[in-house]
Every structure is written in structure tokens, then in C-alpha cells.
Amino acid sequence: MRYICTGCHKEQPVNPDRYRCECGGLFSLSFDKTAPDFSQTAHASDRSLWKYANALPPIDPQIVHETTMGEGGTPLISLGTHLWGKADYYMPTLSFKDRGAVVLVAAMRSMGVHQCVIDSSGNAATAVAAYCTRVGIGCEVFVPAHTSAKKIEQIEAHGAEVHRIPGTREDTADAAIAHVEKTGAFYASHIFNPLFWEGTKTYLYELFEQFGGALPDLLVLPVGNGTLLMGVALALKELKEWGLVDRFPLVIAVQAANCAPLAAAYLAGSVVVHEVPSQPTLAEGIASARPARGAEILQAMHHMGGRFVTVTEEEILASRDALARRGVYVELTSAANHAGYLAALREDGQLGLLDAVVPLCGAGLKSAH
Ligand SMILES: *Cc1c(COP(=O)(O)O)cnc(C)c1O
Ligand SMILES: [Zn+2]
């Protein structure tokens, strides 16, 4: 397994003391993988994402066994004609972040990491804290001070030490990185560490399997720091290379109108993301005014030929209620995906004829409201 710098393209060993390249560039990951046999994995007795082990980073099965909580294999729930929700709120810590966290933490355990630091708006830190405590890795968590109390309670229950940082999500990231630099702890960032997407990519593998060896026509994806989006983009690239798909679904990326730097950059045809004026949003999980992988996310969106939509606070609340009336209780960040689907349909009614999937990727009990 090797890191490749996205800045200077230098290849280097996966060194736990390094979270970015000397040149300041962030890493992508390279290792030998083979295509899952989806006709076989569809019927595997192990329903977790580890049934795709051949396509995941090489990790000792004993360590996987100690780390896993059966994450993955989440159901598709019908939400109407041509619309399904993929219920990642069924995950062990109640969000899709478990996909990335289990792979990252298992890899950390293989590398002999004892202590780590993560910053997040809540769910990524919850997931990393939960898996870390299973394998005896100490975890310090940095969250914005306004993070939902329930998320913080859960993180503390897993034994992690929580630092509440006043200010923006970006201030939280800066504080975490300063702490990493000071203490030399492993930076278990879901944004910086490319091992995380190797887990989130299984979201798309599962869809491919659930649609009978094909992909839905339309994928709605939330984007804050892009960990689900980058995982999906990676999986699409792999499926194409393996000759399993010949075209990409239409990707609709969703941001909150109150904090939409990526949507603004994409619309302006920019290849880099500029910080734009932003306001707080109920969709705390996608409120990232300065996404560290912004340029990579824009590149992935161009490659997939995707579109951005933004959603208002009212639309987010309306979708949370509409989903709840169908029996599906997701957190507000996750309701933004459904609102994004409706917004895309308003712009282009023809999209309603496409088979579409929205992620139901965080549980409702996590939200403050
Ligand atoms: C983390 C998260 C997102 C956004 O993911 P990014 O990696 O920041 O793009 C969306 N919804 C939920 C429920 C999340 O936990
Ligand atoms: Zn570099």
C-alpha cells in the first residue's frame, strides 16, 4: 500500500507519522485490488462490506474480525415511483461514516497506532471513536462547540476525549491539526486520510449489487467535505476499469444554500474553491466553508458530469417531515439529500422518470432539532 501525493505525484510508503506530503499536498492511495465477483457477493453469508475484501486495502483478517461490527449491507427503501432511499442510518453508529471509519481504524491497528486525533462535525468522529475503542486505540476528538449534544454524548460514551472548539468548522480543523503537530498523534481525519474512501466506496458497490449488476440512473449525494462523493467517484472509476459499467449515473450533489462554496465554484466554472460568505445551517454535516479537498471534488464532479443543487433551511425541514411521514426518520443533514432531489426535479421535470437513489445516511435521533 502506498500514498501518492495529489500535488507533486510523489509515491511514498504509508507512514503513520505523515498526514500530508512534504509539499503540502494531500494523499491518495494505491494498492493491488481485484474486482469483486458481484454475482457471488450478492448471496454471501457475510453481508458486511468486508465481503468486498479483495477490493479493499490489505488488512489482516484477524484485525478485521476484531474491528468490524457488521457495517454495510444496508437496505434500499422505496420512497415512491422511481425513488429509493439507501438506509445507511442502519449502520452501527447510525451514519454512513462507519464505512470509512472501520477501514481506517483497522488499517491504523495494523500500523500499530496507539493514539489518534480526529475533527468532525460529529458523525465521523463518532464512528472513529467507536471503532477505536474496540481495538484499544486512544482517541481525541475535536468538534465545533455548536455540535448536536447527542453526537457529543455518544462520542464521550465511546471513551474519547472531546474538545469543543468555538467558531467555525474550519477553526475546529485548525485546532485538531495544531494538536497533531504538537503531540505527534496519528491524524485519523476522514478528509485527509484516503483510506476512508476505500470504505465509503462500498456504498456504490452495494447499489450496483442491489440493482442487479447495474447502477441507478440518478444518484443524489450530499457534499460537505466529499467523503461519500469521493468514495462513490472512486467506485465508479473502478467499475468502469473493470468493464462492469460503461456510463456513469447522473450525480446530483447537494449543498445547503447557507454554505455552498462547492456549488458556487462549480457554477462559476472554477477549478478551485474560494471561501464564500456562509451562514449556519441545520444541515451541520455538510456545512464546510473551506473543504480541504475542494479542487478534487470539483474534478470528480466534472469527470462524472454531475450537477450541483442547493437547498434552503425550509426545504430541509420539509423533507425531514415528508420522510418521517413515510416512516423514515433521518437527521436534518440527511434530509437535505431528499430536498436536493426535489430541487433537481423542479429544475428539470424529466429527471422524475429516472430511477434515483437518495442516501438516508444519518439517523434522526442525532439531530438537535
Ligand atoms: C458526513 C456526513 C455528510 C457529508 O459528508 P462529507 O464527507 O462531509 O461530504 C452528509 N450526511 C451525513 C449524515 C454525514 O454524517
Ligand atoms: Zn507532494
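For the structure itself, consult the block above.
Residues numbered from 1 in each chain as written. Chains lettered and ligands numbered in written order. Predicted model: local features only at pLDDT ≥ 70, side-chain atom pairs only at ≥ 80, totals over all residues. Heavy atoms only, no water.

(A) Up close: the site of ligand 1. Residues in contact with ligand 1 amount to 16 residues; listed here are only the nearest, Lys97, Asn123, Asn225, Gly226 and Thr227. A distance of 2.8 Å separates an oxygen atom of ligand 1 from a polar atom in the backbone of Gly224. Take Thr227: an N or O atom from its side chain is 2.4 Å from an oxygen atom of ligand 1. When isolated, ligand 1 has an accessible area of 380 Å², and the protein chains bury 98% of it. Judged by the proximity of its atoms to the pocket grid, ligand 1 belongs to the largest cavity. (Near = heavy atom within 4 Å. Polar contact = N/O pair within 3.5 Å; in protein donor to acceptor, adjacent residues only side chain to side chain. Areas by Shrake-Rupley, 256 points an atom, 1.4 Å probe, with all protein chains shown as cover. 1 Å grid on protein atoms, 1.4 Å probe; cavity = no way out; pocket = protein on both sides within 12 Å on 5 of 7 lines; lining within 4 Å. Sits in = over half its atoms within 2 Å of the grid points.)

(B) Structural detail: the nonpolar core. Core analysis: the biggest nonpolar cluster contains 44 residues, and Met108, Cys116, Val128 and Cys139 have the highest contact counts within it. In terms of residue count, helix 3 (residues 97-110) provides more of this core than any other element does, eight residues in total. Once residues within four sequence positions are removed from consideration, Cys139 is found in contact with Gln115, Cys116, Ile118, Val128, Ala129, Cys132, Ala160 and Glu161. Listed in part, the 41 residues of the second largest apolar core include Phe96, Leu229, Ala300 and Phe308. (Core = buried A, V, L, I, M, F, W, Y, C linked by side-chain atoms within 4.5 Å. Buried < 20%, exposed > 50% of the residue type's maximum accessible area, 1.4 Å probe, protein only. Helix = DSSP H or I, 4+ residues; strand = E, 2+ residues; numbered from the N terminus. Contact = heavy atoms within 4.5 Å.)

(C) Focus on the packing of aromatic side chains. Under the defined criterion, the tally for this structure stands at twelve aromatic pairs. Ring geometry for Phe38 and Tyr52: centres 5.9 Å apart, planes at 50°, overall tilted. Pair noted here: Phe38 is in helix 1 (residues 38-41) and Tyr52 is in the loop between helix 1 and helix 2 (61-67), with a separation of 14 residues, a long-range link. Both rings, one in Phe38 and one in Phe208, keep their centres 4.9 Å apart while their planes meet at 70°; by these two values the pair is edge-to-face. (Phe/Tyr/Trp six-rings, centres within 6.5 Å; stacked < 30°, edge-to-face > 60°.)

So far we have only geometry, and geometry alone does not tell us how the molecule works.
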